[in-house]
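Commentary on secondary and tertiary structure
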Amino acid sequence: SLVARSASTTTSSAWPAFLAPVVNRVTDGAGLGELQRLKAAVNEAETAHEAAVAQRAEALRAHDSLTQGRSSTQADLTVLLQRRDAWDADDVKKFTRLTSDEHSLKTRISESLITREASERA
């Protein structure tokens, strides 16, 4: 395995090439090779865990940002709808844009929720 090879390489690289086989045999016989392989496996698992935590944090941030954007858009729509009897052409354009934005955000929130849930399972 790659981890086993990298542990052996680490052990033998500090020694001259002609001593490497002896050093590897002694290291493996004393159990140091297995300890080095375990250490490498732990380091690899730790790196994977840190990456998963970072991915989860980003998924949460993205989802929260989209949710906040949708909430703001819905508030703007509510204010606009409360005075719909006094709309002018700009208000109609704003309503159309906000409605489109709200629909888009709804879709993006659904997608981000899937990503967020997947990152929580990782």
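Only a predicted model underlies this, so the values are computations on that prediction, with no experimental measurement involved.

Structurally, S112 can be placed in helix α4 (residues 89–121). From its side chain, S112 meets the backbone oxygen of I109 in a polar contact 3.0 Å long. Aside from chain neighbours lying at most four places away, what touches S112 is H63 and L66.

Right, let's get into the packing of aromatic side chains. According to the stated counting rule, one finds one aromatic pair in the structure shown. Judged by centre distance (5.1 Å) and plane angle (40 degrees), the ring pair of W87 and F95 falls under tilted. On the basis of relative accessibility, which here comes to 26%, the residue F95 falls in the partly exposed class.

In this structure the tally under the stated criterion is eight salt bridges. Its salt-bridge partner being R37, residue E34 comes within 3.4 Å of it at the nearest N-O pair. Of this pair, E34 and R37 both sit in helix α3 (residues 32–82), three residues apart, which is roughly one turn of the helix. Take R37: its relative accessible area is 24%, and that puts it in the partly exposed class. Across the pair D91 and R83 runs a salt bridge whose closest N-O atoms are separated by 2.9 Å.

A separate point is the confidence of the model for the chain. Per-residue pLDDT for the chain averages 87, and the proportion of residues at 70 or more is 89%. Across residues 1–9, confidence stays below pLDDT 50; counting only partners more than four residues off in sequence or on other chains, it has nine contacts.

With that settled, the discussion passes to the packing of helix α2 (residues 20–30) against α3. Running from N to C, α2 and α3 cross one another at 80 degrees; their axes reach a closest spacing of 4 Å. In this view, α2 runs roughly perpendicular relative to α3, as classed from their interaxial angle. Where α2 abuts α3, its residues T27, D28 and A30 lie against L32, G33, Q36 and R37. When grouped by side-chain class, the residues that make up the contact of α2 with α3 number two nonpolar, three polar and two charged.

Time to look at the packing of α3 against α4. Relative orientation of the contacting elements α3 and α4 amounts to 155 degrees, with a least axis distance of 8 Å. Considering their axes alone, α3 and α4 lie roughly antiparallel with respect to each other. Between α3 and α4 the crossing geometry is left-handed. Of the residues assigned to the contact of α3 with α4, the class counts are 11 nonpolar, 10 polar and 12 charged.

To continue, consider a nonpolar patch on the surface. A grouping of L32, L35 and L38 is seen on the molecular surface, where their side chains present a nonpolar patch of about 290 Å² in accessible area. Inspection of the secondary structure assignment puts L38 in helix α3.

Cut-offs used in this document
- Residues numbered from 1 in each chain as written.
- Predicted model: local features only at pLDDT ≥ 70, side-chain atom pairs only at ≥ 80, totals over all residues.
- Heavy atoms only, no water.
- Helix = DSSP H or I, 4+ residues; strand = E, 2+ residues; numbered from the N terminus.
- Polar contact = N/O pair within 3.5 Å; in protein donor to acceptor, adjacent residues only side chain to side chain.
- Contact = heavy atoms within 4.5 Å.
- Phe/Tyr/Trp six-rings, centres within 6.5 Å; stacked < 30°, edge-to-face > 60°.
- Buried < 20%, exposed > 50% of the residue type's maximum accessible area, 1.4 Å probe, protein only.
- Salt bridge = Lys/Arg side-chain N within 4 Å of Asp/Glu carboxyl O.
- pLDDT = per-residue confidence, 0-100.
- Axes fitted to C-alpha atoms, helices over the stretch in contact; angles between N-to-C directions.
- Parallel < 35°, antiparallel > 145°, perpendicular 65-115°, else oblique.
- Nonpolar A, V, L, I, M, F, W, Y, C, P; charged D, E, K, R; others polar.
- Left-handed = near helix turned anticlockwise from the far one by under 90°.
- Patch = residues over 30% accessible without salt bridge, like charges linked within 9 Å, V, L, I, M, F, W, Y side chains within 5 Å.
- Areas by Shrake-Rupley, 256 points an atom, 1.4 Å probe, with all protein chains shown as cover.

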